[in-house]
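A closer look at the structure
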Amino acid sequence: MGLSVREQELVILRMAVLYRSEYVWKHHVKVGREFGVNDAELDAIRQGSYAAFSAPRERAFLSLTDTFMNDRCLPPEVWSQTRNVLGPRDFVDLISLVSQYVLFALTNVCMQVRVEPGVADLPGLEG
């Protein structure tokens, strides 16, 4: 995977929001914090507003995650806007990561998997 661990965590956190998966969110808040994700960034991910991220790659990955989920494709104008920041492998890696978390988040939501006590006190999807 060409995405850094931090980039992966940002995408996974956004997937948790999009699928309303408290389980995925709480587990990845903990990991994300280990890789520098701060509270302002967590709020931005919850809101779907990425101005808080200074790295163009991070903004691109988060925006593309929303695009993949909403449009189920990569529209030509989005490709044009992001191809100067991301390469073809980045797109493939992102699609792979998003696909994995569609399955994981959806499974946890549908099966109503409970959050373990070790992460229960972490901030949830509602803040």
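Quick look at the structure, then. All figures in this text were calculated on a predicted structure; none of them were measured in a lab.

**Section: helix H6 (residues 88-110)**
- The end-to-end C-alpha distance of H6 is 33 Å, a good match for the 33 Å that 23 residues give at a rise of 1.5 Å each.
- Listed in full, the buried residues belonging to H6 are Asp90, Phe91, Asp93, Leu94, Leu97, Val98, Tyr101, Ala105 and Asn108.
- Just beyond H6, the residue with positive phi is Gln112, at close to 50 degrees.

**Here we look at helix H2 (residues 22-34)**
- Compared with an ideal rise of 1.5 Å per residue, which puts 13 residues at 18 Å, H2 spans 19 Å between its outermost C-alpha atoms and is within 8% of the ideal.
- For H2, the principal kink sits at His28 and spans about 25 degrees.
- Listed as buried for H2 are Tyr23, Val24, Trp25, Lys26, His28, Val29 and Gly32.
- Its buried side turned inward, H2 meets helix H1 (5-18), helix H3 (39-47), H6 and helix H7 (117-120).
- Looking at the residues trailing H2, positive phi occurs at Gly36, about 90 degrees.

**Concerning the nonpolar core**
- By size, the foremost hydrophobic cluster in this structure holds 32 residues, and its most contacted members are Val11, Trp25 and Ile45.
- When residues in this core are grouped by element, the largest group, 7 residues, is from H1.
- Apart from the residues within four sequence positions on either side, Val11 is in contact with Leu3, Phe61, Leu62, Thr65, Leu94, Leu97 and Val98.

**Points about the packing of H2 against H3**
- One way to put it is that H2 packs onto H3 with a least axis distance of 11 Å and a crossing angle of 140 degrees. H2 and H3 meet at a crossing whose hand is right-handed. Here Trp25, Val29 and Arg33 of H2 lie close against H3, whose contacting residues are Asp39, Leu42, Ile45 and Arg46.
- Residues of the contact of H2 with H3, tallied by class, amount to 4 nonpolar, no polar and 3 charged.

Conventions and cut-offs
Residues numbered from 1 in each chain as written. Predicted model: local features only at pLDDT ≥ 70, side-chain atom pairs only at ≥ 80, totals over all residues. Heavy atoms only, no water. Helix = DSSP H or I, 4+ residues; strand = E, 2+ residues; numbered from the N terminus. Expected span 1.5 Å × (residues − 1). Buried < 20%, exposed > 50% of the residue type's maximum accessible area, 1.4 Å probe, protein only. Bend = angle between axes of the 7 residues up to and from the residue. Contact = heavy atoms within 4.5 Å. Core = buried A, V, L, I, M, F, W, Y, C linked by side-chain atoms within 4.5 Å. Axes fitted to C-alpha atoms, helices over the stretch in contact; angles between N-to-C directions. Left-handed = near helix turned anticlockwise from the far one by under 90°. Nonpolar A, V, L, I, M, F, W, Y, C, P; charged D, E, K, R; others polar.

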